[in-house]
Amino acid sequence: MLTYTIRRLLIAIPTLLFISLIIFLLLDLAPGDPMAQMPLTVPPEVRQRMREALGLGEPIHMRYLLWLKQFFVIEPLNILDQMLGTDMAGDAQRVISWQTRSPVADIIAQRIPQTLWVVGLAYVLGVAIALPIGILSAYRQYSWFDQLGTFVSMVGFSVPTFFTGVVLIILFAVNLNWFPSIYDTTHRVTDWDSFVFQIRQMVLPVTVLALYNASQISRFMRASMLDNLRQDYVRTARAKGLRERAVVLTHVLRNSMIPVVTVIALGVPTIFGGAIITEQVFKVNGLGQLLITAIQANDIPMVQTLTFIFAVLIVLFNLVADVLYGLLDPRIRYD
Amino acid sequence: MTETVVPTPQTAPASSQMRDIWRQFRSHRGAMLGLAIFVTILVVVWLGPLVWNTAPTFVDMRSRNQGPSLAHPLGTDQLGRDMLARLMAGGKVSIAVGLTAMGLSILLGTLIGVSAGFFRRLDGVLMRLTDLFLALPLLPLLLVMVMLFREPLSQRFGPETGIFILIVIAIGVTSWMQTARIVRGEVLALKEREFVLAARSIGTSPAKMILRHILPNVLSPIMVSATLGIAAAIITESALSFLGLGFPPDFPTWGRLLYDAVDQIQLFPMRVVMPGIAISLTVLSVNYIGDGLRDALDPRIRGR
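Residues numbered from 1 in each chain as written. Chains lettered and ligands numbered in written order. Predicted model: local features only at pLDDT ≥ 70, side-chain atom pairs only at ≥ 80, totals over all residues. Heavy atoms only, no water.

Colleague: So what about the overall build of chain A? Which residues, and what values?
Modeller: Summing up its helical and strand segments, chain A has twelve helices and zero strands in all. Each helix and strand of chain A, placed in order from N terminus to C terminus, yields the pattern α-α-α-α-α-α-α-α-α-α-α-α. If you line up chain A on its principal axes, its C-alpha atoms span 85 × 60 × 40 Å. Every one of the 335 residues in chain A was classed for burial, and the buried ones make up 44%. Sequence separation of at least 24 residues holds for 69% of the intrachain contacts in chain A that already meet a minimum separation of 6. In the structure as shown, chain A presents an accessible area of about 17600 Å², 65% of it carried by carbon and sulfur atoms. (Helix = DSSP H or I, 4+ residues; strand = E, 2+ residues; numbered from the N terminus. Buried < 20%, exposed > 50% of the residue type's maximum accessible area, 1.4 Å probe, protein only. Contact = heavy atoms within 4.5 Å. Areas by Shrake-Rupley, 256 points an atom, 1.4 Å probe, with all protein chains shown as cover.)

The structure is reproduced here in structure tokens:
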């Protein structure tokens, strides 16, 4: 298992390098000039010097290597410096956002908590709702509960999040006035009242995302439970007189969780990347919203860094899913 | 006492495979309802403009922001444009994008899946490519692609065709991976079957082998993923439009209509709800059709 994990980690390195090359080239070869929005009164020779200052004069492979060095050496050193209070990075050039002229890593660090709170909580809640629904609808297949559950999950899976979000805003923010429609990220939790306000402003975005995640995961849970309920070992367990509760919740559930756990692990990167739309609907200024504004402002370093972070997360959680699969299912041996 | 074997009279017509599939499909209530709704939407969107021939871009400033009336059954928007006509025109574009993008993605997926499954030498390379695409953050990349290539393409082909081409290609290129994996698996299993061996033994060329023997047998998984692909493509297109990176403003699609109406959501919530319901209903019906097709095409379930 350990050798397998190490081997997979080593394979991940060329994959990530290749992905970084794709992202770099896509943004670099694309038409569109970072200097396009400069005023026309700037003389051409100054414009040229500005281009060189941005590092646009170098040949493309040099720029790629420099970007890699910035991303993999200088930025981690800076993060370490901030945590330990040392000065290992010195004053090496960091990845600078063209929008704000401050290091990209600092802006991302400011945005991560909002995304994690809203989207992460929604994912946890979604999983917590999905598992019991999936178990119960598989156990009572074709009952009214199952029919309702499959219908609701089909609807939750088909209705796009920007529509559910907007409908919830109309119902609960405009008509009933229960919850605010905009997420206020400057809000600080200091006492009970502000805590209640924080909960209230999180209700709508979390509901939208939790519904969407729950509908997907409950479909997997139901299918996996159904597969296992028909197996011979279930009959054996019942035949030796185990209580129904033990049969379903220990024997069947444990085995059905194996594929579901990997699906849950594979879904974690979408917490960061996939919530772009929900963040936009509720004006949460998290990572997704940062990406959108960076794209609209042609802020290439920011877009490159964010997309690459999303790619790293996807590769990482693919690995986690594979390793978890091996740990949970003793029949699977990778060595 | 011996029983005499009575030969069963062959009164029922010989059941063909298509008929079996259709019978199984019909027994799936959700799928039938989905098919009915989807066909209705298609008819309304394509034939509706012939009956209701108000132009979707006709601006009538005197009758803006109106509620439903005889002249405008679904009301008008902030520029006095007829909502019914806009919804029909928007649906036409959204569904056309969905169908074309699905076609492209199925074409790519089948091509890569069949080549990877059939030619062993290509397998490793193509599957690494598929894994690589699966590891890309797709929605961010789609946004980036649309942002970067929108100007040159709309200059080359005009704003509407250019964006149409861009969105279809962007969705197609980022959604073929599942199809390729499924098709490859099926092809690998088919290659071990006797009829393929028989065909090979009489010297069938690889091209003919794929066209005559392999492709017809992988058609059913392809059909299922095609149906689900339409739904995914429609959602992606409207998500792009919703983020303001889709079609230009005067060119209605369902996502764009929703996006335009969000600003006035407090005053005119119906204008947001109508395109949203249209998108959701289409996607829901297509997903149900896909579910029914999957059941109908699965020989383990069929006949039960």
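Colleague: Explain empty space enclosed by the protein to me, using residue names and the numbers behind them.
Modeller: In this structure the tally under the stated criterion is three cavities of 30 Å³ or more. In this structure, the largest cavity spans a volume of roughly 70 Å³. In terms of lining, the largest cavity is formed by Asp77, Gln78, Arg81, Met83, Arg86, Leu257, Asp260, Ala261 and Arg271 of chain B. Broken down by secondary-structure element, the contributors of at least two residues to the lining of the largest cavity are α3 (83-118) and α11 (254-262) of chain B. A per-element tally of the lining of the largest cavity places α11 of chain B first, with three residues. Its residues assigned to classes, the lining of the largest cavity shows three nonpolar, one polar and five charged. Quantified by volume, the second largest cavity comes out at close to 40 Å³. Lining the second largest cavity, in full, are Ile133, Ser137, Gly149, Thr150, Ser153, Ser218, Arg219 and Arg222 of chain A. Contributing elements (two or more residues each) for the lining of the second largest cavity: α4 (104-139), α5 (144-158) and α7 (192-229) of chain A. For the lining of the second largest cavity, the class distribution of residues is one nonpolar, five polar and two charged. (1 Å grid on protein atoms, 1.4 Å probe; cavity = no way out; pocket = protein on both sides within 12 Å on 5 of 7 lines; lining within 4 Å. Points joined across faces, edges and corners; volume = space filled by probe spheres on them. Nonpolar A, V, L, I, M, F, W, Y, C, P; charged D, E, K, R; others polar.)

Colleague: I'd love a proper account of the packing of helix α6 (residues 161-175) of chain A against helix α12 (residues 269-297) of chain B, names of residues and values included.
Modeller: Where α6 of chain A contacts α12 of chain B, the axes come no closer than 10 Å and their chain directions differ by 150 degrees. Note that α6 of chain A runs across α12 of chain B; the crossing there is left-handed. Contacts from Phe162, Phe163, Val166 and Ile170 of chain A of α6 of chain A reach α12 of chain B at Pro269, Val272, Val273, Gly276, Ile277, Ile279 and Ser280 of chain B. Here the residues of the contact of α6 of chain A with α12 of chain B sort into nine nonpolar, two polar and no charged. (Axes fitted to C-alpha atoms, helices over the stretch in contact; angles between N-to-C directions. Left-handed = near helix turned anticlockwise from the far one by under 90°.)

Colleague: Give me the nonpolar core: which residues, what numbers.
Modeller: Core analysis: the biggest nonpolar cluster contains 157 residues, and Leu143 and Trp254 of chain B have the highest contact counts within it. Setting aside chain neighbours within four positions, we find Leu143 of chain B in contact with Ile276, Leu291, Ile292 and Ile295 of chain A together with Leu240, Leu243 and Leu245 of chain B. (Core = buried A, V, L, I, M, F, W, Y, C linked by side-chain atoms within 4.5 Å.)

Colleague: Which residues make up the interface of chain B and chain A, and what are the values?
Modeller: If you look at the interface, chain B gives 38 residues, while chain A gives 37 residues. Ranking the residues of chain B by area buried against chain A places Leu132, Leu148 and Leu243 of chain B at the top, with a combined share of 16%. Run the count over chain B and chain A and you get one salt bridge. The shortest N-O distance in the salt bridge between Asp291 of chain B and Arg219 of chain A comes to 3.9 Å. In this assembly, chain B and chain A are joined by one residue pair in polar contact (both at pLDDT 80 or more). Among the residues forming the side of chain B that touches chain A, the class breakdown is 31 nonpolar, five polar and two charged. (Buried area = accessible area lost by both parts, 1.4 Å probe. Salt bridge = Lys/Arg side-chain N within 4 Å of Asp/Glu carboxyl O. Polar contact = N/O pair within 3.5 Å; in protein donor to acceptor, adjacent residues only side chain to side chain.)

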